[in-house]
Amino acid sequence: CEGAVLGAAGVRLCLAWPPAAAPDVGSLALNFAALDLARSHASVVDDVGHICDRVRTQGVGVDEFNDCVRDGLVDGAEWEARRLRRLPDEEQCRRLAQLHRCAAFLQSAGELSDAEELLRHSLALAERVHGADQSHGDLSLCLVELARLLRLQGDAAAAEPLLARAVAIDETRLGPDHAQLAAQLSALGSVLEATGQPKEAAAVYRRALATDEASL
């Protein structure tokens, strides 16, 4: 898998690059190792060292290296997402963190529409798998991740109902005095403020503060 090779090469190169000239995608490349693509492809591991040596000896600059690693991250994340989506629903749901990590890489590389599509897939998946259990933590996680991306894209209005639903789920499953609920309430307040609802936002902020204090 070319994407896996490029991503793994990026990891190795970031580790070897002088700290003062470290590429801005260094942390992404290091996190990319968590996708564990190379472990599924033994031949990739053998190739990575040769690729690293070749790129280093050719004197690739930081900007060019950034582009190379970013392309590898995108290709690898897309490949991993396709692999996961071929799994049965229940198995995919057990690997939601991996799906979300793929979406995070796509988002960081500017592939926002692809990241959004993957997060919407994750939400629909969680809804199918958990069926009547609409208070499951997987649903809350998917709702929050999608809402964050929509907010990043400037669509606070679309993020609002997702966060409101996540708040309701977390209050049911965690109770009214949990720190995670306070965080979701704060995010919802921010969205309400961004959509021109200052009174509603203030009420939610006050609730978030009370919840946070009660969780201590």
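Being a predicted model, the structure only gives us computed values, none of them experimental.

Engineer: What's the story with the overall build of the protein chain in this structure? I'm lost.
Structural biologist: Helix and strand content of the protein chain: twelve helices and zero strands. The helix and strand sequence of the protein chain, counted from the amino end, reads α-α-α-α-α-α-α-α-α-α-α-α. Across the protein chain, contacts joining residues at least 24 apart in sequence account for 65% of those joining residues at least 6 apart. Accessible area of the protein chain: about 10800 Å², with a carbon and sulfur share of 51%.

Engineer: Can you help me understand the environment of Ser140 in this one?
Structural biologist: Mapped onto the elements of the fold, Ser140 is located in helix 9 (residues 137–152). Setting aside residues no more than four positions away along its own chain, Ser140 makes contact with Ala166, Ile169, Asp170, Arg173, Gln180 and Gln184.

Engineer: How should the pattern of salt bridges be read in this particular structure?
Structural biologist: Pairing between side chains becomes possible if they bear opposite charge and their charged atoms approach one another. Applying the stated criterion to the full structure yields nine salt bridges. Here Glu117 ties to Arg85 by a salt bridge, and the two come within 2.9 Å at their closest N and O atoms. Placement of Glu117 in helix 8 (residues 112–130) and of Arg85 in helix 5 (residues 62–85) is noted, with a sequence separation of 32 residues between them. Of the charged contacts, one joins Glu127 and Arg165 as a salt bridge, the two residues approaching to 2.8 Å between their closest N and O atoms. Here the residue Glu127 occupies a position in helix 8, and Arg165 occupies one in helix 10 (residues 156–174), the gap between them amounting to 38 residues. By relative accessible area, Glu127 is classed as partly exposed at 29%. Sharing partners across several salt bridges, the network here consists of Glu91, Arg94 and Arg95.

Engineer: So what exactly am I meant to see when it comes to helix 9 here?
Structural biologist: At 3.6 residues per turn, the α-helix brings residues three or four places apart onto the same side. For helix 9, spanning 16 residues, the distance from its first C-alpha to its last is 23 Å, which sits close to the expected 22 Å at 1.5 Å a residue. Every buried residue of helix 9 is listed here: Gly137, Asp138, Leu139, Ser140, Cys142, Leu143, Val144, Leu146, Ala147, Leu149 and Leu150. If you follow the buried residues of helix 9, they end up packed against helix 6 (89–94), helix 7 (96–108), helix 8, helix 10 and helix 11 (179–194). Looking at the residues trailing helix 9, positive phi occurs at Gly154, about 90 degrees.

Engineer: Would you explain the packing of helix 9 against helix 10 in this entry?
Structural biologist: Helices that pack against each other are described as a pair by the angle of their axes relative to one another and the distance between those axes. Running from N to C, helix 9 and helix 10 cross one another at 155 degrees; their axes reach a closest spacing of 8 Å. Here helix 9 is positioned roughly antiparallel relative to helix 10, judged by the angle of their axes. When the axes of helix 9 and helix 10 are compared, the crossing they make is left-handed. On the side of helix 9, the interface is formed by Gly137, Leu139, Ser140, Leu143, Val144, Leu146, Ala147, Leu150 and Arg151, while helix 10 contributes Ala156, Ala158, Ala159, Leu162, Leu163, Arg165, Ala166, Ile169, Asp170 and Arg173. Grouping the amino acids of the contact of helix 9 with helix 10 by side-chain chemistry returns 13 nonpolar, two polar and four charged.

Analysis parameters
- Residues numbered from 1 in each chain as written.
- Predicted model: local features only at pLDDT ≥ 70, side-chain atom pairs only at ≥ 80, totals over all residues.
- Heavy atoms only, no water.
- Helix = DSSP H or I, 4+ residues; strand = E, 2+ residues; numbered from the N terminus.
- Contact = heavy atoms within 4.5 Å.
- Areas by Shrake-Rupley, 256 points an atom, 1.4 Å probe, with all protein chains shown as cover.
- Salt bridge = Lys/Arg side-chain N within 4 Å of Asp/Glu carboxyl O.
- Buried < 20%, exposed > 50% of the residue type's maximum accessible area, 1.4 Å probe, protein only.
- Expected span 1.5 Å × (residues − 1).
- Axes fitted to C-alpha atoms, helices over the stretch in contact; angles between N-to-C directions.
- Parallel < 35°, antiparallel > 145°, perpendicular 65-115°, else oblique.
- Left-handed = near helix turned anticlockwise from the far one by under 90°.
- Nonpolar A, V, L, I, M, F, W, Y, C, P; charged D, E, K, R; others polar.

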